[in-house]
Amino acid sequence: MWYHKPVINEELLQSLPNLKIVASSGVGIDHLDLNLLSSYGVKASNTPFVVSTDTADFGMALMLASSRRLVEGYQMAVSCDTEYFPADWLGTEVSGATLGIVGMGTIGYKVAERAKGFEMKILYHNRNRRNKEEEGAVGAIYCKKIDDLLQQSDFVLLSVNLTPQTHKLIGKRELELMKPTATLINISRGLVVDQDALVEALQNKVIKAAALDVTYPEPLPRDHPLLKLKNVIITPHIGSATRKTRRLMMENMMESIQAGLTGLPIPNEVL
C-alpha cells in the first residue's frame, strides 16, 4: 500500500484468496482494519522507524516557518506591490520558548532532541512516561494531564497515532486552554484535530497560529476556510518526503513482503 492505496476491504480480500501480507508505507495504521485482515489470515506491516528523522525535522521546520512568518515574508518580498519592508513586521521567538509535545514516541522524542538545541523548555504528554534517563537527555518534563501541557506551551506539537482515543483529541475545549499567543503544529493525522473548532479558534484569535502537514480530507476543498487564513501554514503531508527516506520505506516494505511469503518473522509486523 502506498498513500493508502489500494483500499483493503472485504471485497478485495475475497478476490485474493492467496494473499499473505499487506505491507503499508509510513507509520499510521488507521486506514487498516486489522481485525478484518486477521479474519482472512493476512498479516500486516508498516515502516515506522525510517520516517522518524525526516518527520521530526519537518516538525521543527513548521515551527520555525510559522513563528517567523516565513510564508508571509516570502510573499511580501516577491510581491509586485511591495515598495518597502515595514519595520514593525515581527515574528515570534522559538529559542527559549516552551514546546509541548503530545505523543512522545520515536518521532516526538526526536523533535525533543532538536528542540533542546534551541534551548526550549520541553513538556510532553504520553500514554506512558519515558524513563528518567530519556527525560534527562532532552530536559523533558512529563505532564500526566494534557491540560497542564496545553496551558503552559508556546508551541503545541501533535505526534500521536490516530486511534479512537486520539480522534479529535484537540477540540474547542483544548484550544481554549492554550495561550492566545500559542501555535498548534500537527505532524500526525488530520483527524487528531477538530478542524471546525480550529478554524473558529484561529478566526477569533483564541490561538495565534497553526502549522499543519496533515488535514482531513487531503487535499482540502479549495474553498475551505483554512486555506484563506494568513495565520495558517499548510503543507501536503510531506513529513517523510525525502528521496532517501522514501527509498528506505520501499525497501522495508519489500523486506516484509519477502519474509511474509517465505514464512519468516516479518520486520515491523503490525500486531
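The name given to the protein chain in an unreviewed UniProt entry is Glyoxylate reductase/hydroxypyruvate reductase, with Spheniscus mendiculus as the source organism. The annotation that UniProt attaches to the protein chain under Sequence similarities (unreviewed entry) is "Belongs to the D-isomer specific 2-hydroxyacid dehydrogenase family."

(A) View of the overall build of the protein chain. A count of helical and extended segments in the protein chain gives 10 helices and nine strands. Its C-alpha radius of gyration of 20 Å places the protein chain within 12% of the 18 Å reference for a compact globule of 271 residues. Considering only C-alpha atoms, the protein chain reaches an extent of 65 × 50 × 35 Å along its principal axes. Residue burial in the protein chain is summarised as follows: out of 271 residues, 46% are buried. Long-range contacts, defined here as pairs at least 24 residues apart, represent 62% of the contacts in the protein chain between residues at least 6 apart. Taken as a whole, the protein chain presents about 14900 Å² of accessible surface, with 54% of it coming from carbon and sulfur. Averaging the coordinates of the 29 positive side-chain charges in the protein chain and doing the same for the 30 negative ones gives two points 3 Å apart.

(B) Structural context of the UniProt feature "domain: D-isomer specific 2-hydroxyacid dehydrogenase NAD-binding" (unreviewed entry) in the protein chain. The UniProt record marks residues 60–239 with the feature "domain: D-isomer specific 2-hydroxyacid dehydrogenase NAD-binding" (unreviewed entry), using the residue numbering of this structure. Secondary structure within residues 60–239 divides into 32% helix and 16% strand; the distance between the first and last C-alpha atoms comes to 10 Å.

(C) Layout of the packing of aromatic side chains. Inspection of the entire model under this criterion finds two aromatic pairs. Seen in terms of ring centroids, Y124 and Y142 are 5.2 Å apart; in terms of plane orientation they differ by 50 degrees. Their pairing is tilted. Of the two residues, Y124 is situated in strand β4 (residues 121–125) and Y142 in strand β5 (residues 140–142); the sequence distance between them amounts to 18 residues.

(D) Examining the layout of surface pockets more closely. In this structure, the second largest pocket spans a volume of roughly 510 Å³. If you trace the second largest pocket, you find 25 residues lining it, with R69, E72, K230, N231 and V232 closest to the centre. Of all elements in the fold, only α3 (52–67), α4 (70–78), β8 (209–212) and β9 (232–234) reach the threshold of two or more residues within the lining of the second largest pocket. Of the residues forming the lining of the second largest pocket, the biggest block, five residues, is contributed by α4. Its residues assigned to classes, the lining of the second largest pocket shows 12 nonpolar, seven polar and six charged.

(E) How the structure looks around the pairing of strand β3 (residues 98–102). Most of β3 sits out of view: five of its five residues are buried. Alternating positions in β3 separate into two faces, T98, G100 and V102 on one and L99 and I101 on the other, with burial throughout. Looking at chain direction, β3 and β4 are connected through five bridges and run parallel. When the bridges of β4 are listed, T98 appears paired with K121. As for the winding sense of the linkage, the β-α-β connection from β3 through helix α5 (residues 106–116) to β4 is right-handed.

(F) Geometry of the packing of α3 against α5. At their nearest, the axes of α3 and α5 sit 8 Å apart, and the two run at 50 degrees to each other. The angle between α3 and α5 falls in the class oblique. For the pair α3 and α5, the crossing hand works out as right-handed. Along its contact with α3, which presents S52, T53, T55, A56, D57 and M60, the element α5 presents T106, I107, K110, V111, R114 and A115. Its residues assigned to classes, the contact of α3 with α5 shows five nonpolar, four polar and three charged.

Cut-offs and rules
Residues numbered from 1 in each chain as written. Predicted model: local features only at pLDDT ≥ 70, side-chain atom pairs only at ≥ 80, totals over all residues. Heavy atoms only, no water. UniProt positions renumbered as here; feature names shortened; annotations may be inferred. Helix = DSSP H or I, 4+ residues; strand = E, 2+ residues; numbered from the N terminus. Rg over C-alpha atoms; globule rule 2.2 N^0.38 Å. Buried < 20%, exposed > 50% of the residue type's maximum accessible area, 1.4 Å probe, protein only. Contact = heavy atoms within 4.5 Å. Areas by Shrake-Rupley, 256 points an atom, 1.4 Å probe, with all protein chains shown as cover. Lys, Arg positive; Asp, Glu negative; His and termini not counted. Charge placed at Lys NZ, Arg CZ, Asp CG, Glu CD. Phe/Tyr/Trp six-rings, centres within 6.5 Å; stacked < 30°, edge-to-face > 60°. 1 Å grid on protein atoms, 1.4 Å probe; cavity = no way out; pocket = protein on both sides within 12 Å on 5 of 7 lines; lining within 4 Å. Points joined across faces, edges and corners; volume = space filled by probe spheres on them. Nonpolar A, V, L, I, M, F, W, Y, C, P; charged D, E, K, R; others polar. Pairing = 2+ DSSP bridges. Right-handed = clockwise from strand over helix to strand, strands pointing away. Axes fitted to C-alpha atoms, helices over the stretch in contact; angles between N-to-C directions. Parallel < 35°, antiparallel > 145°, perpendicular 65-115°, else oblique. Left-handed = near helix turned anticlockwise from the far one by under 90°.

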